Amino acid sequence: MDLILKNARRVGAERELTDIGIAGGRIAAIAPGLASGGETVDLGGRLVSPGFVETHIHLDKSCILDRCSSERGDLDEAIAEVAKAKTAFTPEDVHARAVRTLEKAILQGTTHMRTHLEVDPGIGLRGLEGVLPLIKQFSWAIDLQICVFPQEGLLNNPGTDELMVAALERGCRVVGGAPYTDSDPPGQINRIFELARDYDVDVDLHLDFGPTAEGMVFDHVCKRTEEFQYGGRVAIGHVTRATSLPMPAFEAMTRRLADAGVALTVLPSTDLYLMGRHHQHDHNVTRGVVPAHKLLHHGVNCSLSSNNILNPFTPFGDCSQLRMANLYANICQVGTKADMHECFNMVTRRPAEIMRLADYGLAVGNSADLVVLDATEPQMAVAELSPVLYAFKRGRNEYPRSLQRLLPAHPRRAGRRIFRPAARPDLRHQGRLRRRRSSHRERQSGLA
Ligand SMILES: [Zn+2]
């Protein structure tokens, strides 16, 4: 074994303590009392989970808050402001901002990510040129896949189709869409499915994003999914219009998605920020977040994701998937232990299913992509926003974070700090440490 995590509490089997052995970047054994001459970390009963998975985030347009204004705070303004800012994007600029956001996500324990990426005649392939190198550059820490999509319309925007094809030729593994910005929403959906079939890639659409239930097209997506035999390979994001459906219609939608094998991704931060604004002068603002846990009860797979970071769509963001689960639970009034556990699943194993990750999860033979949380149960990690203490990618520790602890009162400490902050993890620094293996001493000291 290269590394043994001792006294681990695995998600799904939290009652027992066990050891997890890692060799060659994979989980080699899960059993109590593993022995090895290699490195060990005593986790002291803390929770070990597979790494966080983000299926819907926009690296290319992250961190542009300082370039945009947000007066009305609605969807149309966000699209227009980003479209304006995009004209000045260069591959270098996109790359620098994407790195900043990606590093943040890695530090939050995210090990797999699908980033949505825009092409249109305005930006061309400059966004792709900025993001594509990250797949290799950060492969030591995260598996990144790109979903190319036409944010500003496909059929109404000549030249976009050719750019979609070019991006798929250059290695985008998923094709997406935003039919609500197209002059012909069903037509865009049809074309996206054709591209998916031609390139044998999965589909992940921005869909039914709006404040009312009018003009929903999820049924059209279900029909195409069945026709192209794409069940299990299609996800739809936002679907905020469903929050305005009467309950019988909402339940019918749920059954339809389950039957067709279409998954749903909720983007709580964006949806909360943008939805309900049409009521703000005459009503309290209604929330625009789909209660995904109710869909789970009927067999629809769902994930939670950040969507945007620090831009007019969402002027917030720390890339913490755990915070997204906590935010979702709070908004959707999730209180039962089982549903709270599902909130954890919706940022781990459920999005992994959407991404069809073959070697994901805490089982012998799978890739050792793990996070250690300062918690003993997943639902409490969601409730308490437990810090990530370690993140491992293919068995290699990406960063250790010290536990925060209060400093006891002492007369001579008056006026001094009252807690020791967590060590500020620095990925570049850790990159050097990786080569020198000088984290050996810290690993052996353990957390117990
Ligand atoms: Zn999005």
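Calculation criteria
- Residues numbered from 1 in each chain as written.
- Predicted model: local features only at pLDDT ≥ 70, side-chain atom pairs only at ≥ 80, totals over all residues.
- Heavy atoms only, no water.
- Helix = DSSP H or I, 4+ residues; strand = E, 2+ residues; numbered from the N terminus.
- Contact = heavy atoms within 4.5 Å.
- Donors = N, O, S within 2.8 Å, 3.2 Å for Na, K, Ca; no water.
- Tetrahedral: all angles 85-135°; square planar, octahedral: opposite > 155°, others 65-115°.
- Buried < 20%, exposed > 50% of the residue type's maximum accessible area, 1.4 Å probe, protein only.
- Core = buried A, V, L, I, M, F, W, Y, C linked by side-chain atoms within 4.5 Å.
- Polar contact = N/O pair within 3.5 Å; in protein donor to acceptor, adjacent residues only side chain to side chain.
- Salt bridge = Lys/Arg side-chain N within 4 Å of Asp/Glu carboxyl O.
- 1 Å grid on protein atoms, 1.4 Å probe; cavity = no way out; pocket = protein on both sides within 12 Å on 5 of 7 lines; lining within 4 Å.
- Points joined across faces, edges and corners; volume = space filled by probe spheres on them.
- Nonpolar A, V, L, I, M, F, W, Y, C, P; charged D, E, K, R; others polar.
- Axes fitted to C-alpha atoms, helices over the stretch in contact; angles between N-to-C directions.
- Left-handed = near helix turned anticlockwise from the far one by under 90°.
- Pairing = 2+ DSSP bridges.

J.: Describe the environment of H95, with residues and values.
T.: With respect to the secondary-structure elements, H95 resides in helix α2 (residues 91-107). A C-alpha to C-alpha distance of 7.6 Å links H95 and D60, two positions 35 residues apart in sequence. With residues up to four places along the chain from it excluded, the contact list for H95 reads G130, L134 and Q137.

J.: A description of the coordination of the zinc ion should follow, citing residues and the corresponding values.
T.: Ligation of the zinc ion by protein atoms is provided by H56 (NE2), H58 (NE2), H206 (NE2) and N307 (OD1), these donors lying 2.0 to 2.3 Å from the ion. Geometry at the zinc ion is irregular, judged from its four donor atoms and the angles of 81 to 171 degrees they form at the metal. Between the donor residues of the zinc ion, the gaps in sequence give the motif H-x1-H-x147-H-x100-N. Here H206 lies in strand β10 (residues 202-207) and H56 lies in strand β6 (residues 52-57), a separation of 150 residues in the sequence. No difference in accessibility class separates H56 from H206, as the two residues are buried.

J.: Describe the nonpolar core, listing the residues and the values that go with them.
T.: In this structure, I236, M253, L257 and Y328 are the most contacted members of the largest nonpolar core, which totals 106 residues. Here this core gets seven residues from one element, more than from any other, and that element is α2. If near-sequence neighbours (up to four positions away) are discounted, M253 is found in contact with M216, F218, V239, A242, L245 and L295. Counting 16 residues, the second-largest nonpolar core is a separate cluster that includes L5, I20, I22 and V41.

J.: Lay out the side chain of R191 with the relevant residues and their values.
T.: With respect to the element layout, R191 can be found in helix α5 (residues 185-199). At 2.7 Å, the side chain of R191 and the side chain of D161 are in polar contact. If sequence neighbours within four positions are ignored, R191 has contacts with L154, D161 and V165.

J.: How would you explain the pattern of salt bridges if you had to name every residue and give the values?
T.: Taken as a whole, this structure holds 29 salt bridges when the rule is applied. K84 serves as the salt-bridge partner of E81, at 3.2 Å between the closest nitrogen and oxygen. With a gap of three residues between them, E81 and K84 both fall in helix α1 (residues 75-86), about one helical turn apart. Note that R323 is salt-bridged to D318, the shortest N-O span being 2.9 Å. Relative accessible area serves as the criterion here: at 25%, D318 is assigned to the partly exposed category. Each of the salt bridges in this network shares a partner with another, and the network as a whole consists of K61, K86, E118, D120 and E152.

J.: Please provide a residue-by-residue account of empty space enclosed by the protein, values included.
T.: Going through the model one piece at a time under the given rule, you end up with two cavities of 30 Å³ or more. Quantified by volume, the largest cavity comes out at close to 60 Å³. In this structure, the largest cavity is lined by 13 residues; those nearest its centre are Q151, Y180, H206, H238 and F313. Taken together, the residues of the lining of the largest cavity break down into five nonpolar, seven polar and one charged. Of the voids in this model, the second largest cavity is the one considered here, and its volume is about 30 Å³. Among the residues making up the lining of the second largest cavity, the classes are represented as two nonpolar, one polar and four charged.

J.: Break down the packing of helix α10 (residues 321-331) against helix α11 (residues 337-345) for me, with residues and values.
T.: As a packed pair, α10 and α11 sit with axes 9 Å apart at the nearest point and diverge in direction by 145 degrees. Crossing geometry of α10 relative to α11 is assigned as right-handed. Touching L322, A325, Y328 and A329 of α10 are M340, C343 and F344, all from α11. Classifying every residue of the contact of α10 with α11 by side-chain character gives seven nonpolar, no polar and no charged.

J.: Which residues make up the sheet that holds strand β9 (residues 174-177), and what values do they have?
T.: Read from one edge of the open sheet, eight strands run β6-β7-β8-β9-β10-β11-β12-β13, paired in parallel fashion. Strand pairing shows two members of the sheet lacking a second neighbour, β6 and β13 (302-304), which therefore form its edges. Strand-to-strand twist across the sheet, computed as the mean angle between neighbouring axes with direction ignored, equals 20 degrees. Where strand β12 (residues 262-266) lies against β13, three bridges are found, and the strand directions are parallel. Bridge pairing in β13 places L264 opposite C302.

Everything listed here is a matter of coordinates, which is why it stays silent on function.
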